[in-house]
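Architecture and fold: a report
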Number of protein chains: 2
Amino acid sequence: MTTGRPLRADAQRNRGRVLAAAEQVFAERGTAASIEEVARTAGVGVGTVFRHFPSKEALLQALVVQRLTRIAADARDHATSPDPGAAFFDFFTAVVHGSATKLELVDALAELGIEPNEAVAPVAADVTEALTALLQQAQHAGAVRRDIDVRDVIALLAGASQTRRYAPDDRPLAVILDGLRVPIAQ
Amino acid sequence: MTTGRPLRADAQRNRGRVLAAAEQVFAERGTAASIEEVARTAGVGVGTVFRHFPSKEALLQALVVQRLTRIAADARDHATSPDPGAAFFDFFTAVVHGSATKLELVDALAELGIEPNEAVAPVAADVTEALTALLQQAQHAGAVRRDIDVRDVIALLAGASQTRRYAPDDRPLAVILDGLRVPIAQ
DNA sequence: CTAGAATCGGAATCGTGATTCCGTTTAGAG
DNA sequence: CTCTAAACGGAATCACGATTCCGATTCTAG
């Protein structure tokens with residue numbers, strides 16, 4: 001990462017606006033939305049978008065990194081809970097709810113297990129690490145099945161997110177969470 | 001549907017080739033793959049593709065219809081099994097396995113719950129009907145939780161399919177199936 | 001076998017959207 | 001306040017891919 005000198009104040013602000021606009025636009029119209037629309041939403045010119053992100057792909061990647069960074073932080077946050085079982089399920093639910101209208105998160109999560117990318121790989125590893133800790137705690141607490149591993153959880157996070165395209169409610173999610181639970185004696 | 005006179009023999013054959021090529025290409029490269037690539041794979045000219053399918057969207061739609069038609073038939077087929085519980089889970093697994101490398105099925109299934117489309121609506125309704133029957137049998141047999149409805153199953157089919165992008169194995173699928181099962185007394 | 005219709009192939013056309021360029025406008029150091 | 005580098009806006013450029021068109025080819029009725 002080319003960490004040059006600090007950005008000029010206005011540049012810093014515009015960068016943030018572009019990122020926010022991109023998140024919104026791509027979530028609403030899908031990643032096929034044009035850069036021009038992102039620029040318009042951000043209230044800047046297309047040139048500005050490209051000065052901050054050399055290509056559309058770079059912009060998408062920045063969004064993925066941002067999303068994954070938040071997820072990792074969220075996982076760490078939940079890991080401090082006194083109730084590891086509830087913390088795990090809360091985290092899982094929060095991530096699924098966090099996947100915007102469209103499949104943004106799905107794409108974001110895709111990076112976790114697919115195509116080792118220069119920029120996202122480190123963040124992906126970070127998410128995996130935080131998630132592993134959270135999962136193990138929940139397993140030790142007897143709340144989650146022992147035969148589940150991080151990869152399963154990641155795949156299921158993506159799957160559960162996908163689910164919301166069809167049913168805006170949490171019913172399918174509940175089924176998946178039940179599948180992860182240690183069965184309760186009847 | 002404009003059922004004109006029967007197609008000339010070669011036209012019929014080319015239509016099939018295009019459909020097969022499209023299924024393969026879109027599965028491998030995603031729906032963003034170009035029509036030219038589909039044409040090349042099918043061994044025909046782009047003009048031929050467009051004569052059979054007036055637009056790329058129409059081609060995609062034809063694929064969806066084809067896929068859904070197969071799924072409906074598969075559901076009906078499983079509904080005749082003497083073991084409704086096993087039949088339901090077998091069907092579910094088969095559909096998930098059937099979603100090619102990429103998210104083709106996901107898009108196909110998307111049509112089931114989203115955007116009531118002129119051409120796919122009837123097939124979607126057909127799938128829903130067949131699936132409802134299969135589900136109810138499994139529930140009556142005590143194999144699937146009573147509080148699950150078809151919409152949940154459809155959403156979970158899509159979710160489970162998504163899952164395979166991250167883990168090529170059936171572990172995440174197994175978790176989802178467990179979530180659907182009626183818990184066994186310990 | 002033959003004419004005519006149905007198809008075909010693929011070059012040319014069109015539109016859209018990513019990316020580049022450069023004259024104009026600021027932030028901020030001195 | 002003044003000057004210069006850093007940023008900006010957005011028109012112009014480029015590339016790519018969908019769709020159109022039409023002369024060449026291939027079925028199949030008779």
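Our subject is the structure listed above.
All of these numbers come straight from a predicted model, not from anything done at the bench.

1. Digging into the environment of B:Thr48
Along the chain, B:Thr48 falls in helix H3 (residues 46-52). Linking B:Thr48 and B:Leu177, residues 129 residues apart in sequence, is a C-alpha distance of 43 Å.

2. Description of the protein's contact with DNA strand C
Close to DNA strand C lie 22 residues, the nearest being B:Arg8, B:Asn14, B:Gly47, B:Thr48 and B:Arg51. Backbone atoms, meaning sugar plus phosphate, form 62% of the atoms of DNA strand C positioned within 4 Å of the protein. Here a phosphate oxygen of DNA strand C sits 2.4 Å away from a polar atom, N or O, in the side chain of B:Thr48. Contributing elements (two or more residues each) for the surface near DNA strand C: helix H1 (9-29) of chain A together with helix H1 (9-29) and H3 of chain B. The greatest single-element share of the surface near DNA strand C, amounting to 5 residues, is contributed by H3(B).

3. Notes on the protein's contact with DNA strand D
With respect to spatial proximity, 21 residues lie near DNA strand D, and among them A:Arg8, A:Asn14, A:Thr48, A:Arg51 and B:Lys56 are the closest. Taking A:Gly47, its main chain carries an N or O atom lying 3.2 Å from a base nitrogen of DNA strand D. In this structure, B:Ile35 approaches DNA strand D through a main-chain N or O atom, which is 2.8 Å from a phosphate oxygen. When residues of the surface near DNA strand D are traced back to their parent elements, those giving at least two are H1 and helix H3 (46-52) of chain A. Top element by residues in the surface near DNA strand D is H3(A). It accounts for 5 residues. When grouped by side-chain class, the residues that make up the surface near DNA strand D number 8 nonpolar, 8 polar and 5 charged.

4. Let's talk about the packing of aromatic side chains
In this structure the tally under the stated criterion is 4 aromatic pairs over all chains. For the pair A:Phe88 and A:Phe89, a centre-to-centre distance of 5.4 Å together with 85 degrees between the ring planes defines the contact as edge-to-face. The exposure class of A:Phe89 is buried, given its relative accessible area of 9%. Judged by centre distance (6.3 Å) and plane angle (50 degrees), the rings of B:Phe88 and B:Phe92 are tilted. Residue B:Phe88 and its partner B:Phe92 are both found in helix H5 (residues 84-98); the two are separated by 4 residues, about one turn of the helix. For the pair formed by B:Phe88 and B:Phe92, the shared burial category is buried. An aromatic cluster is built from A:Phe88, A:Phe89 and A:Phe92, whose rings are joined through pairwise contacts. Over the ring of B:Phe89 we find B:Arg181; its NZ or CZ atom is 4.4 Å from the centre of that ring.

Rules used in this analysis
- Sequence order sets the numbering: in each chain, residues are counted from 1 along the sequence as written.
- As they are written, the chains are lettered A onward and the ligands numbered 1 onward, keeping that order.
- With the structure being a predicted model, the display of local features is reserved for residues of pLDDT at least 70 and the display and counting of side-chain atom pairs for 80 or more, all residues being used for whole-chain, interface and lining totals.
- The side-chain figures draw on all heavy atoms in the structure; neither hydrogens nor water molecules are used.
- Put simply, DSSP marks the helices as runs of H or I at least four residues long and the strands as runs of E at least two long, and each gets a number from the N terminus on.
- Proximity is defined per residue: any heavy atom of the residue falling within 4 Å of a molecule or strand makes that residue near it.
- Here a polar contact is recorded for every N or O atom pair within 3.5 Å, except that within protein the pair must consist of a potential hydrogen donor and a potential acceptor, and residues adjacent in sequence are included only if both atoms are side-chain atoms.
- Residues are grouped as follows: nonpolar covers Ala, Val, Leu, Ile, Met, Phe, Trp, Tyr, Cys and Pro; charged covers Asp, Glu, Lys and Arg; every other residue, Gly included, is treated as polar.
- Each Phe, Tyr or Trp ring, with Trp reduced to its six-membered ring, pairs with another whose centre is within 6.5 Å; inter-plane angles below 30 degrees give stacked pairs, above 60 give edge-to-face pairs, and intermediate values give tilted ones.
- Burial classes: relative accessible area under 20% of the type maximum marks a residue as buried, over 50% as exposed, and values in between as partly exposed (1.4 Å probe, protein chains only).
- Over a ring means this: the NZ of a Lys or the CZ of an Arg is within 6 Å of the ring centre and within 35 degrees of the ring normal.

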